[in-house]
Amino acid sequence: SGSIIQLMRRTALTLAFFTAILTSQAQQDFHYSQFFASPITYNPANSGAFEDDIRGTLNYRNQYGSVAEPYRTFGLSVDAPIKISNDAYDQNFLGVGLTVVNDNAGTIDFNQLHIAGSAAYAIDLGGTEQNPHYISLGLQIAFVQRSMNFTNSTWETQSTGTNFNQSASSGEAY
């Protein structure tokens, strides 16, 4: 009876693990050339990992300006550390943050709006006041909305061999 319960528990945990992996979605990173200027956009474990009270960043990138519709990315992020204890020896802290990024690309206006909250827990590993050492674990939960303008798109079925006839049916069900 005990071994059956252990087997059922192990099977349930295995199924939950694989369900979580299979339903996870990978993100498409934004096109920042200086990604280090937006630390919590790329790594939520960086939330609160700095020596001040609050940090805010604004980023704007206009990529491929010579084409008809360049990539445009705007980002805003704010984060802050939260001290857990007033004890001098306890330097562990929580970090919280908020990120908003709008990414717009190309003639079909492929747009991605990304609003995310992040949290991190940093554990002090020692070091000195001038050179502290931490290990941090972060989590980010996001709302992502993607859209595009189908009226400007061209599809294989609209090809005439040398150009595209946009008045022809695309054959796409959107």
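Computed from a prediction, not measured in an experiment: that's the story for all the values here. (Residues numbered from 1 in each chain as written. Predicted model: local features only at pLDDT ≥ 70, side-chain atom pairs only at ≥ 80, totals over all residues. Heavy atoms only, no water.)

### Brief notes about the sheet that holds strand β3 (residues 93-105)
Strand order in the open sheet formed by five strands is β1-β2-β3-β4-β5, and the pairing between neighbours is antiparallel. Two strands lie at the open edges of the sheet, namely β1 (55-63) and β5 (132-147), each paired on one side alone. Here the average twist between neighbouring strands, direction ignored, is 15°. Strand direction decides the pairing type here: β3 and strand β4 (residues 110-127), joined by 13 bridges, are antiparallel. Each residue of the ladder has a partner; that of V101, found in β4, is H114. (Pairing = 2+ DSSP bridges. Helix = DSSP H or I, 4+ residues; strand = E, 2+ residues; numbered from the N terminus. Axes fitted to C-alpha atoms, helices over the stretch in contact; angles between N-to-C directions.)

### A short note on a negative patch on the surface
Taken together, the side chains of E51, D52, D53 and E129 present a region of like negative charge at the surface. With respect to the secondary-structure elements, E129 resides in the loop between β4 and β5. Of the residues examined, E129 reaches a relative accessible area of 74% and is grouped as exposed. (Patch = residues over 30% accessible without salt bridge, like charges linked within 9 Å, V, L, I, M, F, W, Y side chains within 5 Å. Areas by Shrake-Rupley, 256 points an atom, 1.4 Å probe, with all protein chains shown as cover. Salt bridge = Lys/Arg side-chain N within 4 Å of Asp/Glu carboxyl O. Lys, Arg positive; Asp, Glu negative; His and termini not counted. Charge placed at Lys NZ, Arg CZ, Asp CG, Glu CD. Buried < 20%, exposed > 50% of the residue type's maximum accessible area, 1.4 Å probe, protein only.)

### With respect to the pattern of salt bridges
In total, this model carries one salt bridge according to the counting rule given. Between D79 and R55 there is a salt bridge, and its shortest N-O distance comes to 2.6 Å. In this pair, D79 sits in strand β2 (residues 71-83) while R55 sits in strand β1, placing the two residues 24 residues apart along the sequence. On the basis of relative accessible area, D79 is assigned to the buried category, the value being 2%.

### Regarding the side chain of S118
Here S118 shows up in strand β4. Taking relative accessible area as the criterion, S118 reaches 7% and is therefore assigned buried. Separated by 2.8 Å, the side chains of S118 and S47 make a polar contact. The residues touching S118, leaving out its near neighbours within four places in the chain, are I40, P44, S47, G95, V96, G97, L139 and Q140. (Polar contact = N/O pair within 3.5 Å; in protein donor to acceptor, adjacent residues only side chain to side chain. Contact = heavy atoms within 4.5 Å.)

### Some words on the layout of surface pockets
Over the atoms, a rolled probe matching the size of one water molecule traces out where space is still vacant. Looking at the largest pocket, its volume works out to about 590 Å³. Surrounding the largest pocket, 23 residues form its lining, F50, E51, Q91, F93 and Y134 being those nearest its centre. If you list the elements that add at least two residues to the lining of the largest pocket, you get β2, β4 and β5. Sorting elements by how many residues they give to the lining of the largest pocket places β4 first, with four residues. Split into classes, the residues belonging to the lining of the largest pocket amount to nine nonpolar, eight polar and six charged. (1 Å grid on protein atoms, 1.4 Å probe; cavity = no way out; pocket = protein on both sides within 12 Å on 5 of 7 lines; lining within 4 Å. Points joined across faces, edges and corners; volume = space filled by probe spheres on them. Nonpolar A, V, L, I, M, F, W, Y, C, P; charged D, E, K, R; others polar.)

### Description of the confidence of the model for the chain
Looking at the chain as a whole, its pLDDT mean stands at 82, while 89% of the residues score no less than 70. For the chain, helix α1 (residues 2-23) is the element with the lowest average pLDDT, namely 78, and β3 is the one with the highest, namely 93. (pLDDT = per-residue confidence, 0-100.)

### Quick look at the pairing of β5
Consecutive side chains along a regular strand alternate between the two faces of the sheet. Where β4 lies against β5, 16 bridges are found, and the strand directions are antiparallel. Bridge pairing in β5 links N111 to S147. Linking β4 back to β5 in an antiparallel pair, the connection comprises four residues.

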